[in-house]
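# A closer look at the structure
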Amino acid sequence: MGDNRFSCFLFFFFLFLASCVNGEDPYRFFTWTVTYGDIYPLGVKQQGILINGQFPGPQIECVTNDNLIISVFNNLDEPFLISWNGLQQRRNSWQDGVYGTNCPIPPGKNFTYILQAKDQIGSFFYFPSLAFHKAAGGFGGIKIFSRPRIPVPFPNPAGEHTVLAGDWFKKNHRDLKAILDTGNDMPFADGLLINGRGWNGYTFNVDQGKTYRFRISNVGLTTSFNFRIQGHKLKLIEVEGSHTLQNTYSSLDIHLGQSYSVLVTADQPVQDYYIAVSSRFTKRVLTTTAILHYSNSVRGVSGPPPGGPTTQIDSSLNQARSIRWNLTASGPRPNPQGSYHYGLVNPTRTIKLANNWNIVYGKPRYAVNGVSFVPADTPLKLADYYKIPGVFNLGSIPDKHPGDGRCDLKTSVMAADFRAYVEIVFEDWTDTVQSWHIDGYSFFVVGMGQGPWSPASRQSYNLRDTVARSTTQVYPNSWTAIYMALDNVGMWNIRSENWDRQYLGQQFYLRVYSPSNSWRDEYPIPKNALLCGRAAGRKTRPL
């Protein structure tokens, strides 16, 4: 393994030198070793997934357009993949890190991801995408800073803090997977964590009078949560790569897979304060806390943690509607965000995605438009590239739900044309909040409403300043509508962020196709691509 590391280093060292000569965007190099290790997040010894010995894993910090070279050594006893929640991978679904696009990294082997934070800013995270590895750790934060010459719409904060919060289970990832594989329901979570710690287990340090940026992500498996800080206000400034109007909130609902940035000013009397996270829309409310510590404080927290909102949907829905784009702020480029008039573009296609479930062969399965996704024996991207027949069929999932209770088992792939502009309506026919993520894309959340969606619902759309993001919630028995420009060629995963439902079929792939075969539209297959299934033994050089 030492020789492999040295060879890898030499290769990317010369790549770095070449980039300096040619004036390319900077390169940042990471070497990660993935291992098991003992962790005690809820006071019980568990086998966690560590990256470089850390739980959560190391943070990625970069600047717009930076190239990220991440060499991952898998020292687990099972295959492993890492995906990038919100990092769009322009023209490069080869690096997406989900099984539909990548072969897993075998035990004892390594794979080097070659990514670029192309035209992006903001707060995101990475996570292990196979099986139920996410339940064991292996996740970490991603921060993409604006380039120095691009102004941001707020003063530079005195410091930054990353908050990776979510539900946690005392059962290990193998046991949770076995529960689902044997046809049983996912158990209720045992608790919530903040940066891998339980109650009062993590401390965020601040100086009185200064303002700090908190980047908050929901890295959990099944549960939305509410975030708040005792005695302090939250000024929202960014959502998954979009600068927002700077509304002030006492608390924020953050759903599965979502990321928010807020400014917090340490303007209270000198002491310690609770940072509280509690579950939302659950019959039993889970709560955990961290500490906001004023640097000159000698007084600990006092009183109970601040209470969160009730389980009513209306307040959460109204808060979601209040999150708006800052039209005058520059994004990753110097032009204002509002220069792209998304509401003046007519969609060429409407796709309605409804989730449902049924019992199939004696076990529950979840579906999208009546189709429950079954992984193929070969990653779909490889099968498409090498034109391997019989792996998937385009059109195996319809544009709308058939209206019955079917739950057909298929490797579902939906065809889409490059540069089309689509309207997607997510419908939740269940009594739980759903969260949906689209790899490779940022989309405009134009509307949310309760009850069934109809064409008349378009009258309530926000076609001026809705926020662009990559993950959106759908409330129970409600709908959420998005507009999305299909400007990124590739094979992209559309999935439920409710991990048990994703695992049991509530996902599919969108094949955004361009016939040009031009590097301007999509990068060629990387020479270090892992090949497996029916693609094993093929050449990786572009055909």
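What counts, and where the lines are drawn
Residues numbered from 1 in each chain as written. Predicted model: local features only at pLDDT ≥ 70, side-chain atom pairs only at ≥ 80, totals over all residues. Heavy atoms only, no water. Disulfide = S-S within 2.5 Å. Helix = DSSP H or I, 4+ residues; strand = E, 2+ residues; numbered from the N terminus. Buried < 20%, exposed > 50% of the residue type's maximum accessible area, 1.4 Å probe, protein only. Pairing = 2+ DSSP bridges. Phe/Tyr/Trp six-rings, centres within 6.5 Å; stacked < 30°, edge-to-face > 60°. Lys NZ or Arg CZ within 6 Å of the ring centre and 35° of its normal. Core = buried A, V, L, I, M, F, W, Y, C linked by side-chain atoms within 4.5 Å. Contact = heavy atoms within 4.5 Å. Salt bridge = Lys/Arg side-chain N within 4 Å of Asp/Glu carboxyl O. Axes fitted to C-alpha atoms, helices over the stretch in contact; angles between N-to-C directions.

Note: disulfide means a covalent bond formed between the sulfur atoms of two cysteine side chains. As enumerated under the stated definition, the model contains 1 disulfide in all. A disulfide bridge connects Cys103 with Cys532, and the sulfur atoms are separated by 2.1 Å. Linking Cys103 and Cys532, the disulfide has an S-S dihedral of approximately -95° and is accordingly described as left-handed. Placement of Cys103 in the loop between β5 (82–85) and β6 (110–116) and of Cys532 in the segment after β34 (507–513) is noted, with a sequence separation of 429 residues between them. We note that Cys103, like Cys532, is buried.

A few words now on the pairing of β34. Most of β34 sits inside the fold, with 6 of its 7 residues counted as buried. Inspection of the sheet shows strand β26 (residues 412–417) paired to β34 by 5 bridges, in the parallel sense. When the sheet's bridge partners are listed, Ala416 is paired in β34 with Val512. Where strand β33 (residues 490–496) meets β34, 6 bridges bridge the pair, whose relative direction is antiparallel. Bridging across to β34, Met491 finds its partner in Arg511.

This paragraph deals with the sheet that holds β34. What holds strands together in a sheet is hydrogen bonding between their backbones, with the strands either parallel or antiparallel. Strand order in the open sheet made by the 6 strands is β24-β26-β34-β33-β28-β31, with mixed pairing throughout. Looking along the sheet, the strands with just one partner apiece sit at the ends: β24 (393–394) and β31 (471–474). Across 4 bridges, the pairing between strand β28 (residues 434–438) and β31 is antiparallel. If you follow Trp436 over to β31, its bridge partner there is Thr472.

The next subject is the packing of aromatic side chains. Within this structure, the stated rule accounts for 27 aromatic pairs. Relative to Tyr126, the ring of Trp32 lies with its centre 4.7 Å away and its plane at 35°, an arrangement referred to as tilted. Of this pair, Trp32 sits in strand β1 (residues 27–39) while Tyr126 sits in strand β7 (residues 122–128); the two residues are 94 residues apart in sequence, bridging distant segments of the chain. Across the pair, exposure class does not vary: Trp32 and Tyr126 are buried alike. Ring geometry for Phe111 versus Tyr113: centroids 5.0 Å apart, planes at 90°, classification edge-to-face. Here Phe111 matches Tyr113 in class, with each residue buried. Its guanidinium or amino end placed over the ring of Phe145, Arg215 lies 5.3 Å from that ring's centre, counting from NZ or CZ. One Lys or Arg, Arg280, reaches over the ring of Phe281 and ends 4.4 Å from the middle of that ring.

This part is about the nonpolar core. Ranked by internal contacts, the top residues of the largest apolar core, which has 66 residues, are Phe214, Phe227 and Leu292. Per element, the largest residue contribution to this core is 4 residues, and it comes from strand β9 (residues 159–168). Setting aside residues up to four positions removed in sequence, Phe227 forms contacts with Val163, Ile216, Leu234, Ser251, Leu252, Ile254, Ile275, Ala276 and Val277.

Moving on, we come to the side chain of Gln230. For Gln230, the location among the structural elements is in the loop between β13 (224–229) and β14 (234–239). If near-sequence neighbours (up to four positions away) are discounted, Gln230 is found in contact with Tyr273, Tyr274, Ser302, Pro304 and Pro306.

Applying the stated criterion across every chain, the model contains 24 salt bridges. Of the charged contacts, one joins Lys177 and Asp181 as a salt bridge, the two residues approaching to 3.1 Å between their closest N and O atoms. Of the two residues, Lys177 and Asp181 both sit in helix α2 (residues 173–181), 4 residues apart, roughly one turn of that helix. On the basis of relative accessible area, Lys177 is assigned to the partly exposed category, the value being 29%. Linked by salt bridges that have partners in common, Glu61, Lys143, Glu160 and Arg215 make up one network.

Attention now moves to the sheet that holds strand β2 (residues 46–51). Pairing in this open sheet of 4 strands is mixed, and the strands run β2-β1-β4-β6 from one edge to the other. Looking at strand neighbours, the two that pair on one side only are β2 and β6, the edges of this open sheet. Geometrically, the sheet is characterised by an average inter-axis angle of 20° between neighbouring strands, direction not taken into account. Two strands pair when backbone bridges link them, and strand β4 (residues 67–74) and β6 are joined in this way by 7 bridges, in the antiparallel orientation. From the neighbouring strand, Leu68 faces β6, where its bridge partner is Leu115.

Bear in mind that shape data such as this cannot, by itself, settle questions of function.
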